[in-house]
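# Breakdown of the fold
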Amino acid sequence: MSHVPSKIVIREACARALTAFARRLRSFIAPAFRPTVFLIKAKNPALWIAAASVCFGCASSPAKRQDIVWPGPPEQPRIRFVKSVSSEADVEKPSFMKRLKTVLVGKEPQPGLDKPYAVHADRDGRLLVADSAWGKILVFDFKDNNFFIVGVDGPGVLNKPQGVTTDSARRIYVTDVAEKRGIVFDPAGKFLFAFGEQGRLERPVGIALNENLKRIYVTDTRRHSVSVFDMQSGKFLFEFGERGTADGKFNFPVNLAVDKNGKVFVMDMFNFRVQAFDADGKFESKFGSVGDGLGQFSKPKGIALDSEGHIYVADAAFNNIQIFDQQGRLLLFFGEFGSREGQFWLPAGLDIDDNDRIYVADQYNHRINIYQYLGERGRQESKNTERKAELN
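Residues numbered from 1 in each chain as written. Predicted model: local features only at pLDDT ≥ 70, side-chain atom pairs only at ≥ 80, totals over all residues. Heavy atoms only, no water.

## Observations concerning the sheet that holds strand β20 (residues 311-315)
Sheet architecture is open: 4 strands sit in the order β19-β20-β21-β22, paired in antiparallel fashion. The sheet is open, and its two borders are formed by β19 (300-305) and β22 (330-334), each paired with just one other strand. The mean inter-strand angle of the sheet, taken between neighbouring strand axes irrespective of direction, is 20°. Where β20 lies against strand β21 (residues 320-324), 5 bridges are found, and the strand directions are antiparallel. Within the sheet, the bridge partner assigned to D315 lies in β21 and is N320. (Pairing = 2+ DSSP bridges. Helix = DSSP H or I, 4+ residues; strand = E, 2+ residues; numbered from the N terminus. Axes fitted to C-alpha atoms, helices over the stretch in contact; angles between N-to-C directions.)

This is the structure we're talking about:
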């Protein structure tokens, strides 16, 4: 007959294992934390097991997730889903004690996205989100593992921000449809100045910069135009567009983007088209039409360009992103309705960073979806990310 260990023997073996673990843990726990940690030893051995699970859990590596890509096999993938960002927990690095507290008492509620409308990724690893439900700009700083909110009070208080971007000095530019103005903040969110007051703007939504010309471009949905301001002073420079369907006219323009050559691309929502202008507002080209076919639009919102000049359009009705070349020919679309990874529920604004990472405000899923364009630059960025993950 096989010998079955008694409960006492098992308990003693567990106690010896936990004691050995305590000695090992003591060697790398900071002195300031040791009294708190070692009180657990005598009072509640179950807490020691929780502590052990936290430490040993950190050492284990999660199973590699199957890539979500477009187009699917056997075609060469061009877009890869990376991750989603929805709350402060996605940017912070919790301490050992905080992880232990989570195991013992559960997760604490953390600030998160409610209805993100616009998104911008700057060159320093910060993700800035204009959340229309919060009425503020939420900043996720992945470089410094920090989260903060812009526009809480003071002369720069925000009410309903709809557009956000930054310049090379990390200054933050915001449009607010309720306040009917644009606001500029320093990198830490301190108010610098406002522009577009005295009735100049009626419903400012999209915002983009041309740093070479020191210009701010703002789409005004109610005026059916684009207003241009000086980046340094906020002084009004000129305006182009008016309501209509002819070339160069708009019907509720929502968002816009400026490419590396200074060309301005405007999402002309209820004319169901993209219009391109030179830096001074002279009409150059257009593409798009209303419908539910490939390359057509139903409720187009966000617009952005990658490093190769492809034009991305987010359509809230189709719950997808369509990609066009400079002649307006459809190249690819990705996304569908749903709440799983890579899916959308009423996407709005979008942005593409210098490494061809694509950021989409997924409004009713309360998150920002991040994708990678797998062009030459994007493939290199993916390799670098994989190497960093292996080293960590």
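## Observations concerning the packing of aromatic side chains
Summed over the entire model, instances satisfying the criterion amount to 17 aromatic pairs. On the basis of an interplanar angle of 50° and a centroid distance of 5.0 Å, the ring pair of F240 and F277 is categorised as tilted. You can see F240 sitting in strand β14 (residues 236-240) and its partner F277 sitting in strand β17 (residues 273-277), a full 37 residues away along the chain. By relative accessible area, F277 is classed as buried at 1%. (Phe/Tyr/Trp six-rings, centres within 6.5 Å; stacked < 30°, edge-to-face > 60°. Buried < 20%, exposed > 50% of the residue type's maximum accessible area, 1.4 Å probe, protein only.)

## What about the pairing of strand β11 (residues 204-210)?
Judged by how many residues are buried, β11 sits mostly within the fold: 7 of 7 residues are covered. One ladder, built from 5 bridges, connects β11 with strand β12 (residues 215-220); its direction is antiparallel. Residue pairing across strands places A208 opposite Y217, the latter belonging to β12. In this antiparallel pair of consecutive strands, β11 and β12, the connection spans 4 residues, and K214 shows a positive phi of 60°.

## Thoughts on the side chain of R357
Summarising the element assignment, R357 is placed in strand β24 (residues 357-362). Looking at R357, the relative accessible area reads 14%, which means it is buried. Polar contacts involving the side chain of R357 include one to the side chain of Q372, which spans 3.3 Å. (Polar contact = N/O pair within 3.5 Å; in protein donor to acceptor, adjacent residues only side chain to side chain.)

## Side note on the environment of N365
By the secondary structure assignment, N365 is in the loop between β24 and β25 (367-373). Classification of N365 by relative accessible area gives buried; the value is 13%. Taking the C-alpha atoms as reference points, N365 and F344, separated by 21 residues in sequence, lie 7.1 Å from one another. With residues near it in sequence (within four places) discarded, N365 still touches G338, S339, Q343, F344 and W345. Separated by 2.9 Å, the side chains of N365 and D362 make a polar contact. (Contact = heavy atoms within 4.5 Å.)

## Re the pairing of strand β18 (residues 283-287)
Relative to β18, β17 is paired through 4 bridges, and the arrangement is antiparallel. When the sheet's bridge partners are listed, Q275 is paired in β18 with K286. Joining the antiparallel neighbours β17 and β18 is a turn of 5 residues, in which G281 adopts a positive phi near 90°.

## Topic: a nonpolar patch on the surface
A contiguous nonpolar surface patch, about 330 Å² in accessible area, is contributed by F337, W345 and Y364. The class for W345 is partly exposed, based on a relative accessible area of 38%. (Patch = residues over 30% accessible without salt bridge, like charges linked within 9 Å, V, L, I, M, F, W, Y side chains within 5 Å. Areas by Shrake-Rupley, 256 points an atom, 1.4 Å probe, with all protein chains shown as cover. Salt bridge = Lys/Arg side-chain N within 4 Å of Asp/Glu carboxyl O.)

## Quick word on the environment of D353
Relative to the elements of secondary structure, D353 occurs in the loop between β23 (347-352) and β24. Residue D353 is classed as buried on the basis of its relative accessible area of 14%. Measuring from C-alpha to C-alpha, the distance between D353 and G125 comes to 9.8 Å, with 228 residues separating the pair along the chain. Once residues within four sequence positions are removed from consideration, D353 is found in contact with A121 and Y359. Polar side-chain contacts of D353 include one of 2.8 Å to the backbone nitrogen of N355.

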